[in-house]
Amino acid sequence: TDEGLAHFKSAYPGETISKEDIFYYVYGLLHSSDYRSRFEQNLSKELPRVPKVKSSADFWSFSQAGRDLAKWHLDYESAPRYAVKLDLGNKKTKDLKAEHYYVTKMKFGKVRNDENKLIPDKSTIIYNNHIKIEGIPLDVYDYVVNGKSAIEWVMERQGVKIDKKSGITNDANDWAIETMGNARYPLDLLQRVITVSLETNKIVNSLPKLDI
């Protein structure tokens, strides 16, 4: 708003600040771990309040970070696919056909802990009976959206689910083939979101300390 613009301009005299700069400042600030931890109780009860950082240098750092984050988050479908290792059994990638990419429910691999109990191995995702994804960096799970890592949202949404009440089947494979024209879209998306998560972590970890 005009009022919001005037509010920030008064805080940083001599700086040429636009509404778009403020928009991205807010987006960057909301990703700050300092901000989230300091105002955790407030954020669980009310809409976020947006503080002014003390220095114009920090303002621009948060604003640029917000722009960079937005680019990754808006263009996630065109992000580079992270180079995971695909275990295809005795097949090669060139041998795979559309049916080999059909996914019902992705799940984590298993590994034994020190007590010889099987626990989830989040570095490995079993995509389906034909494809196992290995070599997933564990820090991708640090990028959390609404209480769940971005990669786990993909695992949950890209598959086949039947609504218990209506009985309607939601099949992500139909979307992949009919809308995207790509049977391996769920796999591609998973690889792209790994890249987005890692890039997000880099930006968030480079944010300045919150000095307001």
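We now turn to the structure provided with this report. (Residues numbered from 1 in each chain as written. Predicted model: local features only at pLDDT ≥ 70, side-chain atom pairs only at ≥ 80, totals over all residues. Heavy atoms only, no water.)

The next subject is the overall build of the protein chain. Counting its regular elements, the protein chain contains eight helices and eight strands. For 212 residues, the compact-globule formula gives about 17 Å, and the C-alpha radius of gyration of the protein chain, at 21 Å, lies well above that figure. Once the C-alpha set of the protein chain is aligned to its principal axes, its extents read approximately 65 × 45 × 40 Å. Looking at the protein chain as a whole, 38% of its 212 residues qualify as buried. Taking as baseline every contact in the protein chain between residues at least 6 positions apart, the subset at least 24 positions apart corresponds to 65%. Just so you have it, the protein chain exposes about 13,100 Å², and 51% of that area is on carbon and sulfur atoms. Separation of charge centres in the protein chain, based on 32 positive and 30 negative side chains, amounts to 4 Å. (Helix = DSSP H or I, 4+ residues; strand = E, 2+ residues; numbered from the N terminus. Rg over C-alpha atoms; globule rule 2.2 N^0.38 Å. Buried < 20%, exposed > 50% of the residue type's maximum accessible area, 1.4 Å probe, protein only. Contact = heavy atoms within 4.5 Å. Areas by Shrake-Rupley, 256 points an atom, 1.4 Å probe, with all protein chains shown as cover. Lys, Arg positive; Asp, Glu negative; His and termini not counted. Charge placed at Lys NZ, Arg CZ, Asp CG, Glu CD.)

Strand order in this open sheet of four strands is E1-E4-E3-E2, and the pairing throughout is antiparallel. Strands with a single pairing partner mark the edges of an open sheet, and in this sheet they are strand E1 (85–87) and strand E2 (107–112). Sheet twist, expressed as the average angle between the axes of neighbouring strands with direction ignored, equals 55°. The pairing of E2 with strand E3 (residues 118–126) spans six bridges and is antiparallel. By the bridge assignment for E3, Val 111 is matched with Ile 119. (Pairing = 2+ DSSP bridges. Axes fitted to C-alpha atoms, helices over the stretch in contact; angles between N-to-C directions.)

Moving on, we come to the packing of helix H1 (residues 2–11) against helix H2 (residues 19–29). Packed helix pairs are characterised by how far apart their axes lie and by the angle those axes make with each other. Where H1 contacts H2, the axes come no closer than 10 Å and their chain directions differ by 80°. Relative to H2, the element H1 lies roughly perpendicular. Mapping the contact onto sequence places Asp 2, Gly 4, Leu 5 and Phe 8 in H1 and Lys 19, Ile 22 and Tyr 25 in H2. Among the residues making up the contact of H1 with H2, the classes are represented as four nonpolar, one polar and two charged. (Parallel < 35°, antiparallel > 145°, perpendicular 65-115°, else oblique. Nonpolar A, V, L, I, M, F, W, Y, C, P; charged D, E, K, R; others polar.)

For the rest of this paragraph, the subject is the pairing of E3. Between E2 and E3, which follow one another and run antiparallel, lie five residues, and Asn 116 among them has a positive phi close to 65°. Pairing analysis gives two bridges linking E3 to strand E4 (residues 132–134), with the strands arranged antiparallel. Following the sheet pairing, Ile 125 is matched in E4 by Ile 133. Connecting E3 to the next strand, E4, in antiparallel fashion are five residues.

Applying the stated criterion across every chain yields a total of nine aromatic pairs. Taking 6.1 Å as the distance between ring centres and 85° as the angle between the ring planes, the aromatic pair formed by Tyr 25 and Phe 62 counts as edge-to-face. Residue Tyr 25 is located in helix H2, and its partner Phe 62 is located in helix H5 (residues 56–74); the two are separated by 37 residues in the primary sequence. Across the pair, Phe 62 and Tyr 25 agree in class, each one buried. Measuring from ring centre to ring centre gives 5.9 Å for Phe 108 and Tyr 141, while their planes differ by 65°; the resulting arrangement is edge-to-face. With Phe 108 in strand E2 and Tyr 141 in the loop between E4 and strand E5 (144–145), the pair connects residues that are 33 residues apart, well separated along the chain. The two residues Phe 108 and Tyr 141 agree in class, both being buried. Three or more aromatic residues joined by ring pairs form one cluster here, namely Phe 8, Tyr 12, Tyr 25, Phe 59, Trp 60 and Phe 62. (Phe/Tyr/Trp six-rings, centres within 6.5 Å; stacked < 30°, edge-to-face > 60°.)

Read these as geometric descriptors, not functional statements.
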